[in-house]
Amino acid sequence: MAIKTFAAIYIGSYEVSLKVFEMSPKKQLRKIDYVRSRVELGKDAYTRGVIGYEMVEELCLILKEFHRMMEGYRVTEYRAYASSVLRYVSNELFILDQIRLRTGIEVKILSNSEHRFISYKSLAAEPFFEKIIQEGAAVVDVGGGSMQITLFRKGKPATTRQIDLGLMRLREKLSRIENQVSHYEDQTQELIDKELKIFKDLYLQGKKPRYAIMVGDYIGDILKKETGEKGTLEAERFLKAVKRLTKKSPAEIAGELSLTDEQDPLLIPSVVLYKRLAEEIEAEYVWIPGVNISDGIAIDYAQKNRLVRTEHDFDEDILSAARALAERFFGYTRHSETVMELSATLFDAMKNVHGLTRRERLLLKAAAILKDCGNYISQVNYGECSYQIIMASEIIGMTHLEREIVASTVRYSLSALAPYEEMMDKMDQTAYLVVAKLAAFLKLAYALDRSHNRKFKSAKAKLLEKQLIVTVETREPMALEKGLFEEYARAFERVFSVKPLMKEKRVFD
């Protein structure tokens, strides 16, 4: 296969970047150019809720130059993404339209889930990532509008949490008082500490990860000063370096780190933020891989087009994160795994009928794991409570729409499916049909283990013409399960035009 030239464009809160790659199955990814241009869109976005025409004009001029550069490199494919800086302004549609008309570039605004997952992919492609997360790690992804902290224990994600403390947002929150106080960094630290304490009390609980993985701007410059290259250093050494920087002015920091902008207003917030993160996480080592979301954009494209392969199992990340969320609300049991296995069995038996993909099978398994988490709040209305818990949580690897599909699948596996008209503000008709199908599978799987006692030894499903024959090998009668199965079978038949039948096969030890 010929070498492909790919460009990743990213519109952030305080800069716009273009990174150009060459990619092929043999040579993998190779960066050939990286251009960054400072545009403080967040200055308008986070204070006024709208981006003014002057900044839109500046943004379009930069993107037009990026388009010219892509033509010069003969770029064959590109992806252009924007962060929350456009997601939270009232004129986002007009800005995207102007970009398309003036530059020819189509920009997609990422949800927080999509943004963090793409960044995460850039980490997972690094050679040391698997080893580090096995030993325990906290991945800290600092952006302009927010940051995300994801904890890994024994190689699996334990939790992920978004905190509205990005560098640009932090800067704008404190801009009104910087000329009124003598120690601006003290107020910066106070604001940071409030948010970090909540995270530490809820999720760290004295369990110190061995590594803190830092991703974001400025952090690489600090590491380069200490080690001369990207890599790992002791947390104590890292803290010593950033503490020294907190006592300096922006001009002095810029000079020490060999930065060009001596008046960069984000320097002090960034140094204080990284210092407090390292202090609160209390890891033994800090690893700064030197990648960013542009690398993730390229890896995401290359993976989807089978140009590169990574060892990391992203699907298992989703299931591990779902289990961790269910456990937090005491909703993860042996029954959860049983229902997950049964759901997958039913899904596979109907593969020639349901028209769904491997990805939807994964979402079904996640829904089965999370089905009972709402019991923590209410045993009467736990389907609705489960929905609210899922939608209020981040699940690494899922987009916002996928999380909506999982949450709705859980909700409607425990109640009648709502008409599309009631859900059209959350999803389109295609997603609605996915929810209807996954909920039908989950209902039947739940019916087969209604007692939560796993009465059967094994369960098999086979599609014969217009009947789905589910055969369970059991040591004891399953009257309760059979009654509920027959009730849910009617809803299943309405969705697939296939009638499920349950057959018991008694076995004796």
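Everything below is about the structure printed above this text.
Residues numbered from 1 in each chain as written. Predicted model: local features only at pLDDT ≥ 70, side-chain atom pairs only at ≥ 80, totals over all residues. Heavy atoms only, no water.

Trainee: Please provide a residue-by-residue account of the sheet that holds strand 14 (residues 499–506), values included.
Mentor: Here we have three strands laid out as an open sheet, ordered 12-13-14, and mixed in their pairing. Edge strands, defined here as strands with exactly one partner in the open sheet, are strand 12 (456–464) and strand 14. Across the sheet, the mean angle separating the axes of adjacent strands is 20 degrees when strand polarity is ignored. The strands that helix 15 (residues 334–349) touches are strand 12 and strand 13 (467–474); relative to strand 12, the one it contacts most, it runs at about 20 degrees. (Pairing = 2+ DSSP bridges. Helix = DSSP H or I, 4+ residues; strand = E, 2+ residues; numbered from the N terminus. Axes fitted to C-alpha atoms, helices over the stretch in contact; angles between N-to-C directions. Contact = heavy atoms within 4.5 Å.)

Trainee: Any details on the environment of Ala 489? Residues and values, ideally.
Mentor: For Ala 489, the location among the structural elements is in helix 21 (residues 479–496). The class of Ala 489 is buried, set by a relative accessible area of 7%. With near-sequence residues (within four places) excluded, Ala 489 lies in contact with Leu 444 and Pro 500. (Buried < 20%, exposed > 50% of the residue type's maximum accessible area, 1.4 Å probe, protein only.)

Trainee: How would you summarise helix 5 (residues 112–124) if you had to cite specific residues and measurements?
Mentor: Helix length check: helix 5, at 13 residues, gives a terminal C-alpha distance of 18 Å against a target of 18 Å (1.5 Å per residue), a fit within 8%. Across the 13 residues that make up helix 5, a large majority, 13, are buried. (Expected span 1.5 Å × (residues − 1).)

Trainee: Quick rundown of the packing of aromatic side chains? Include the residues and the values.
Mentor: Tallied over the full model, the rule gives 15 aromatic pairs. Measuring from ring centre to ring centre gives 5.6 Å for Phe 117 and Phe 314, while their planes differ by 90 degrees; the resulting arrangement is edge-to-face. Placement of the pair is Phe 117 in helix 5 and Phe 314 in helix 14 (residues 314–328), with a sequence separation of 197 residues. According to the relative accessible area criterion, Phe 117 is buried, its value standing at 14%. Here the aromatic rings of Phe 330 and Tyr 376 are separated by 5.7 Å at their centres, their planes lie at 20 degrees, and the arrangement is stacked. (Phe/Tyr/Trp six-rings, centres within 6.5 Å; stacked < 30°, edge-to-face > 60°.)

Trainee: How would you sum up the sheet that holds strand 2 (residues 15–24)? Please name residues and give values.
Mentor: With mixed pairing, five strands are arranged side by side in an open sheet as 3-2-1-4-5. For this open sheet the edge positions go to strand 3 (28–38) and strand 5 (107–109), each flanked by a neighbour on one side alone. Averaged over neighbouring strand pairs, the angle between their axes works out to 20 degrees when direction is ignored. In terms of strand pairing, strand 4 (residues 77–82) meets strand 5 through three bridges, oriented parallel.

Trainee: Can you tell me about the nonpolar core, naming the residues and giving the values?
Mentor: Ranked by internal contacts, the top residues of the largest apolar core, which has 83 residues, are Phe 129, Phe 441 and Phe 492. One finds Tyr 46, Leu 167, Leu 174 and Leu 204 within the second-largest nonpolar core, a separate group that totals 76 residues. (Core = buried A, V, L, I, M, F, W, Y, C linked by side-chain atoms within 4.5 Å.)

Trainee: Report on helix 15, specifying residues and quantitative values.
Mentor: Taking 1.5 Å as the rise per residue, helix 15 with 16 residues should run 22 Å; its terminal C-alpha atoms sit 23 Å apart, in good agreement. Helix 15 sits mainly inside the fold: twelve of its 16 residues count as buried. What helix 15 keeps buried is the set His 335, Ser 336, Glu 337, Thr 338, Val 339, Met 340, Leu 342, Ser 343, Ala 344, Leu 346, Phe 347 and Ala 349. At its buried positions, helix 15 is contacted by helix 14, helix 16 (351–354), helix 17 (358–370), helix 20 (429–448), strand 12 and strand 13. At the N-terminal end of helix 15, a side-chain oxygen is found 3.2 Å from the backbone nitrogen of His 335, two or three residues along, and the residue is Thr 333. (Polar contact = N/O pair within 3.5 Å; in protein donor to acceptor, adjacent residues only side chain to side chain.)

Trainee: Outline the side chain of Thr 409, supporting the account with residue identities and numerical values.
Mentor: You can see Thr 409 is positioned in helix 19 (residues 400–413). Polar contacts involving the side chain of Thr 409 include one to the main-chain carbonyl oxygen of Ile 405, which spans 2.7 Å. Each residue touching Thr 409, except ones within four places of it in the same chain, is listed here: Ala 367, Val 435, Leu 438, Ala 439 and Leu 442.

Trainee: Go over the environment of Val 498, please, and point to the residues and values.
Mentor: Residue placement: Val 498 occurs in the loop between helix 21 and strand 14. Val 498 gets classed as buried once you look at its relative accessible area, which sits at 1%. In this structure, the C-alpha to C-alpha distance between Val 498 and Met 423, residues 75 residues apart in sequence, is 25 Å. Apart from the residues within four sequence positions on either side, Val 498 is in contact with Met 350, Val 353, Leu 463, Lys 466, Gln 467, Leu 468, Phe 492 and Glu 493.

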